[in-house]
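Residue strings, one per chain:
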Amino acid sequence: MAANPPSTKPTRGGWKSAIFIIFVEVAERFAYYGVAGNLFMYLTKVLGQSTATAAKSVNTWQGVAAIFPVVGGFLADSYVGRFKTILVSSIIYLIGLILLTVAVSTVPLEARHTVFFIALYILTVGEGGHKPCVQTFAADQFDESIPEEKAAKSSFFNWWYVGIVSGATAAVLVVIYVEDYVGWSLGFGMLAAAVAAALVVFLAGSGSYRREAPVGSPFTRVAQVVVAAVRKRRMSEGEARGFCVEDDDYSGVSMEGGTGAGTLAPTSHFRFVDKATMIDARDASSEKRNPWRLSSVKQVEEAKLIFQLIPIWLSCLMFGVVIAQLGTYFTKQTSTLNRSITPTFQIPPASFQVITGLTILLSVLLYERALVPISRAITARPSGITILQRIGTGLLLSILTMVVAALVESRRLGVAAQHGLLDSPRAAVPMSAWWVVPQYVLCGLADVFAVVGLQELFYEQMPVGMRSVGAAAYITVTGVGSFLSTGVIAAVQRVGRGGEGWLGDNINRAKLQNFYWVLGGVSALNFCVFVCVANRFVYKRNQPAA
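The rules we used
Residues numbered from 1 in each chain as written. Predicted model: local features only at pLDDT ≥ 70, side-chain atom pairs only at ≥ 80, totals over all residues. Heavy atoms only, no water. Helix = DSSP H or I, 4+ residues; strand = E, 2+ residues; numbered from the N terminus. Buried < 20%, exposed > 50% of the residue type's maximum accessible area, 1.4 Å probe, protein only. Contact = heavy atoms within 4.5 Å. Phe/Tyr/Trp six-rings, centres within 6.5 Å; stacked < 30°, edge-to-face > 60°. Lys NZ or Arg CZ within 6 Å of the ring centre and 35° of its normal. Axes fitted to C-alpha atoms, helices over the stretch in contact; angles between N-to-C directions. Parallel < 35°, antiparallel > 145°, perpendicular 65-115°, else oblique. Left-handed = near helix turned anticlockwise from the far one by under 90°. Nonpolar A, V, L, I, M, F, W, Y, C, P; charged D, E, K, R; others polar. Patch = residues over 30% accessible without salt bridge, like charges linked within 9 Å, V, L, I, M, F, W, Y side chains within 5 Å. Areas by Shrake-Rupley, 256 points an atom, 1.4 Å probe, with all protein chains shown as cover. Salt bridge = Lys/Arg side-chain N within 4 Å of Asp/Glu carboxyl O. Expected span 1.5 Å × (residues − 1). Pairing = 2+ DSSP bridges. pLDDT = per-residue confidence, 0-100.

The protein is annotated in an unreviewed UniProt entry as Protein NRT1/ PTR FAMILY 5.4-like from Salvia divinorum.

Quick look at the structure:
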């Protein structure tokens, strides 16, 4: 594909280009939540899976959908480019939705399970290319060398999240109702139509996009730093004949001096890998730099950026476990309550997830218009609070979510016992479903702080050539969290009485509140780890021109 003109040209990029890409993401989120939001109910009601089995099926599928973006991000950054990756993955996604529609409408029930799950996992392949690239490709439309676009980019991540939550909220409000009360085939058909329309819009704006060329494998550069540092592990700074400063400046002689304008400033953490920049006698006698023996300061600092993000990623995994409950046990809990609006209409249990979506929409607006200006006046930071403070606030709110969910579940069990419904799991407990609203609201608030913060952190703090991989990395927080949730469910089933215990099919006899308390307790311990890691984090900064 022909290269675009330089990105500084006003005819390309900016909001006028980003809006086309945002539309694609809105449609994809609409489709994803139209499937994921009600998947638990389809597996239990139509395919006949048990509560725990359905929860594990949903968690595993969501986990795979969030892990595949690592592959997609790597291919986009290294070889294919973001535009082509988005295009191909959108087509794959559309194929999966069409097959899903066929599975629920024409495939006999005895064979539907296999076809249905094949279609589901085709969607994960589409997700793999779509999720890490769309946000990054949209952010690429804002050139930080142009003051107006740099200012616009500062608010991009908040408004981006408003867009995707709008798509998810529309799916929960409209599609889930259609699936429950009209038909699954029509519901999934609506999702396929939305993705097809988004694909047309994306192609319509293709002439205005700024496109970054793939840079080759970024992981190779990181591996070269590690190998070079290990090779020179016994070398002291006094023995070095010089230091390799720039990637292309090594000429076989000692080089001193600082980095040039716009390059990463040297940092003092992970000092071991700094040895990779030391020039020894063998390097000095070589006409060409061997990248597996000698790395530039820039290359080493890029590797450090990745190294310090790994502990942050690990300390956010419990957040992913908490969020995984939204589409599984929160939905099951809600399904047992009185959801009637009129004598003839009940809100579908999965539609309560719209409360989380609406909370996110309102909270992002308040965050942008109220919290940021107030905190900016206090801290003198352009963003108000730091990215890690934002993520930490989200983690705290996720702990509170589990505490509230456990308290509500304890009350629900008390009402069920009071009315003699402990052995009637299909009967509605005479307790209003509005009791679960606080846990859905808290889940949304946690998302606003943690998820948007992770998006920004893994975009801003990654090397430029690895930003799609960075987007994939934050997505895998929820994916690995889903896998961990599956593991926790399996462990609880093993230690529970009769192999069921806390998470049995009869939720009135189960001890779901104990499961919530365990998640809240582990999340609290995890938060302490996050605070320790965050206190040692060093934000990326560029070295000014000499």
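With that out of the way, let us pick up the overall build of the protein. Scanning the protein for helices and strands turns up 17 helices and six strands. For the protein, the residues scored as buried account for 58% of the 546 residues in total. For the protein, long-range pairs separated by at least 24 residues make up 81% of all intrachain contacts whose partners lie at least 6 apart in sequence.

Right, let's talk about the packing of aromatic side chains for a bit. If you walk through the whole model with that rule in mind, you get 24 aromatic pairs. Measuring from centroid to centroid gives 5.4 Å for Tyr32 and Trp61, while their planes differ by 15 degrees, and the two rings are stacked. Highlighted residues: Tyr32 in helix α1 (residues 15-45) and Trp61 in helix α2 (residues 51-80), separated in sequence by 29 residues. A ring pair is formed by Tyr42 and Trp184, whose centres lie 4.7 Å apart and whose planes are at 75 degrees; its orientation type is edge-to-face. Of this pair, Tyr42 sits in helix α1 while Trp184 sits in helix α7 (residues 184-204), and the two are 142 residues apart along the sequence. For the residue pair Tyr42 and Trp184, the accessibility class agrees, reading buried in each case. One aromatic cluster is present, formed by Tyr329, Phe330, Phe352, Trp434, Tyr440, Phe515 and Tyr516 through successive ring pairs. The lysine or arginine in question, Arg211, covers the ring of Phe83, its NZ or CZ lying 4.0 Å from the ring centre.

For the pair α2 and helix α4 (residues 109-139), interaxial distance at closest approach is 6 Å and the crossing angle is 40 degrees. For the element pair α2 / α4, the angle class is oblique. Here the hand of the crossing between α2 and α4 comes out right-handed. Across from Ser57, Thr60, Trp61, Val64, Ala65, Phe68, Pro69, Gly72, Gly73 and Ala76 in α2, the residues of α4 making contact are Phe117, Leu120, Tyr121, Leu123, Thr124, Val125, Glu127, Gly128, Gly129, Lys131, Pro132 and Cys133. Considering only residue class, the contact of α2 with α4 consists of 13 nonpolar, seven polar and two charged.

Together, Phe68, Val71, Leu75, Tyr79, Val80 and Val125 line one region of the surface with nonpolar side chains, adding up to about 500 Å² of accessible area. Of the residues forming the nonpolar patch, the biggest block, five residues, is contributed by α2. Mapped onto the fold, Leu75 is located in helix α2. Look at Leu75 and you get partly exposed, because its relative accessible area is 37%.

Moving on, we come to the pattern of salt bridges. According to the stated counting rule, one finds 11 salt bridges in the structure shown. Salt-bridge contacts for Arg29 lead to Glu28; the nearest nitrogen and oxygen are separated by 2.7 Å. Residue classification places Arg29 among the buried positions, given a relative accessible area of 6%. With relative accessibility at 2%, the residue Glu28 sits in the buried group. The network of salt bridges with common partners includes Glu28, Arg29, Glu127 and Lys131.

Our focus in this paragraph is helix α11 (residues 317-324). Most of α11 is tucked away: eight of the eight residues are buried. Burial in α11 covers these residues: Leu317, Met318, Phe319, Gly320, Val321, Val322, Ile323 and Ala324. Those residues of α11 that are buried lie in contact with α2, α10 (297-315), α14 (387-418), α15 (437-460), α16 (467-495) and α17 (512-535).

Further remarks concern α17. Helix length check: α17 (24 residues) gives 35 Å between terminal C-alpha atoms against 34 Å at 1.5 Å per residue, within 8%. All of the buried residues in α17 are Leu512, Gln513, Phe515, Tyr516, Leu519, Gly520, Ser523, Asn526, Phe527, Phe530, Val533 and Ala534. Lining the buried residues of α17 we find α10, α11, α12 (329-335), α14 and α16.

All right, on to the pairing of strand β5 (residues 429-432) then. Look at any regular strand and the pattern is simple: side chains alternate between the two faces of the sheet. Burial along β5 is one-sided: the residues Val429 and Met431 are buried and none of Pro430 and Ser432 is. With two bridges connecting them, strand β2 (residues 337-338) and β5 associate as parallel partners. Residue Asn338 lies in a different strand from β5, and its bridge partner there is Ser432.

Along the chain, the position of Gly129 falls in helix α4. Overall, the relative accessible area of 7% leaves Gly129 in the buried class. Expressed as a C-alpha distance, the spacing of Gly129 and Lys84, which sit 45 residues apart in the sequence, is 9.5 Å.

Moving on, we get to the environment of Pro425. For Pro425, the location among the structural elements is in the loop between α14 and β5. Its relative accessible area of 33% is what places Pro425 among the partly exposed residues. Separated by 80 residues in the primary sequence, Pro425 and Asp505 have C-alpha atoms spaced 8.2 Å apart. Residues within four places of Pro425 in sequence aside, it is in contact with Asn506 and Asn508.

To continue, consider the side chain of Thr486. Relative to the elements of secondary structure, Thr486 occurs in helix α16. Sequence-distant contacts of Thr486, defined by excluding residues within four places in its chain, comprise Lys56, Asn59 and Thr60.

What follows is about the confidence of the model for the protein. When pLDDT is averaged across the protein, the result is 83; 88% of the residues are at 70 or more. Across residues 1-10 the pLDDT falls below 50, and counting only partners more than four positions away or on other chains, this stretch makes 16 contacts in the model. Note that residues 249-262 has pLDDT below 50 and, in this model, 39 contacts with residues that lie over four places away or in other chains.

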